[in-house]
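Descriptive analysis of the structure
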Amino acid sequence: ALGREIATQDLGLPRIAVTSQTRTADHNRRVGGQANSFHLTGQAIDIDKRLANAAGLTLGKIVAAFEKRGLRVIEKLDEGDHYHLAFARRGGRSG
C-alpha cells in the first residue's frame, strides 16, 4: 500500500518499521482503534518511532515525504512509541 511504499522506498525505513496500516474492523477493535479510524480504509500508517529516529527521521520529515507524493496529511501524532499519520489524496476523504 502507498503508506508502506513511502516509508520504505522514499524514507528508506525497513518494512518492520511500519507497525500498522490497513486494519479490518475486528482487528481495529482488538487493538483499541477508533470506530472511524483511517486505518480501516488504508489511509493511516503507524511507524515505529525508535526505528524512524535511528534513521534520522522526525515526524516533520515523515510528513514532508507524504506531502511530496501529493498526499494531504490529515492527522500527524506522536503516540510515544510510534508516529501515526492519516492521509488522503488531494480532494479525498478528510474525516
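Residues numbered from 1 in each chain as written. Predicted model: local features only at pLDDT ≥ 70, side-chain atom pairs only at ≥ 80, totals over all residues. Heavy atoms only, no water.

**Here's the deal with the overall build of the protein**
A count of helices and strands for the protein gives four helices and four strands. In the protein, the order of α-helices and β-strands from amino to carboxyl end is α-β-α-β-α-α-β-β. Its C-alpha radius of gyration of 12 Å places the protein within 12% of the 12 Å reference for a compact globule of 95 residues. Over its C-alpha atoms, taken along the principal directions, the protein stretches across nearly 35 × 30 × 20 Å. By residue count, 40% of the 95 residues in the protein fall in the buried class. For the protein, the exposed surface amounts to about 5,300 Å²; the carbon and sulfur share of it is 49%. Taken as two groups, the 15 positive and 10 negative side-chain charges of the protein have centres that lie 4 Å from each other. (Helix = DSSP H or I, 4+ residues; strand = E, 2+ residues; numbered from the N terminus. Rg over C-alpha atoms; globule rule 2.2 N^0.38 Å. Buried < 20%, exposed > 50% of the residue type's maximum accessible area, 1.4 Å probe, protein only. Areas by Shrake-Rupley, 256 points an atom, 1.4 Å probe, with all protein chains shown as cover. Lys, Arg positive; Asp, Glu negative; His and termini not counted. Charge placed at Lys NZ, Arg CZ, Asp CG, Glu CD.)

**Here's the deal with helix 1 (residues 2-10)**
For an α-helix, the turn length of 3.6 residues means that residues three or four places apart are oriented alike. Among the residues of helix 1, those classed as buried are Gly 3, Ile 6, Ala 7 and Thr 8. The first or second residue beyond helix 1 is Gly 12, which carries a positive phi of 75°.

**So, the packing of aromatic side chains**
Think of a pair of aromatic rings as described by two things: how far the centres are apart, and how the planes are tilted against each other in angle. This model, assessed by the stated rule, comprises one aromatic pair. Ring geometry for Phe 66 and Phe 87: centres 5.2 Å apart, planes at 45°, overall tilted. Here Phe 66, found in helix 4 (residues 59-68), pairs with Phe 87, found in strand 4 (residues 82-89); they are 21 residues apart in sequence, far enough to count as distant. Take Phe 66 and Phe 87: they sit in the same class, and that class is buried. (Phe/Tyr/Trp six-rings, centres within 6.5 Å; stacked < 30°, edge-to-face > 60°.)

**Looking at the pattern of salt bridges**
If you walk through the whole model with that rule in mind, you get six salt bridges. Of the charged contacts in the structure, one is a salt bridge between Asp 10 and Arg 69, with a shortest N-O distance of 2.8 Å. Taken together, the residues span a long stretch of sequence, with Asp 10 in helix 1 and Arg 69 in the loop between helix 4 and strand 3 (71-78) at a distance of 59 residues. Residue Asp 26 is joined to Arg 30 by a salt bridge in which the shortest nitrogen-to-oxygen separation is 2.3 Å. With Asp 26 and Arg 30 both in helix 2 (residues 25-30) and four residues apart, the pair spans about one turn of that helix. A relative accessible area of 39% places Asp 26 in the partly exposed class. Connected via shared salt-bridge partners are Glu 5, Asp 10 and Arg 69. (Salt bridge = Lys/Arg side-chain N within 4 Å of Asp/Glu carboxyl O.)

**Examining the environment of Ile 62**
Checked against the element boundaries, Ile 62 lands in helix 4. Taking the C-alpha atoms as reference points, Ile 62 and His 27, 35 residues apart in sequence, are found 25 Å from one another. For Ile 62, the contacting residues outside a window of four places in its chain are Leu 11, Ile 47, Ala 52, Leu 57, Tyr 83 and Leu 85. (Contact = heavy atoms within 4.5 Å.)

**Digging into the pairing of strand 3**
As judged from the seven bridges shared by strand 3 and strand 4, these two strands associate in the antiparallel manner. When the sheet's bridge partners are listed, Glu 75 is paired in strand 4 with Ala 86. Where strand 3 folds back onto strand 4 in an antiparallel hairpin, the turn is made up of three residues, including Gly 80, whose phi is positive at roughly 95°. (Pairing = 2+ DSSP bridges.)

Nothing here speaks to function; it is all geometry.
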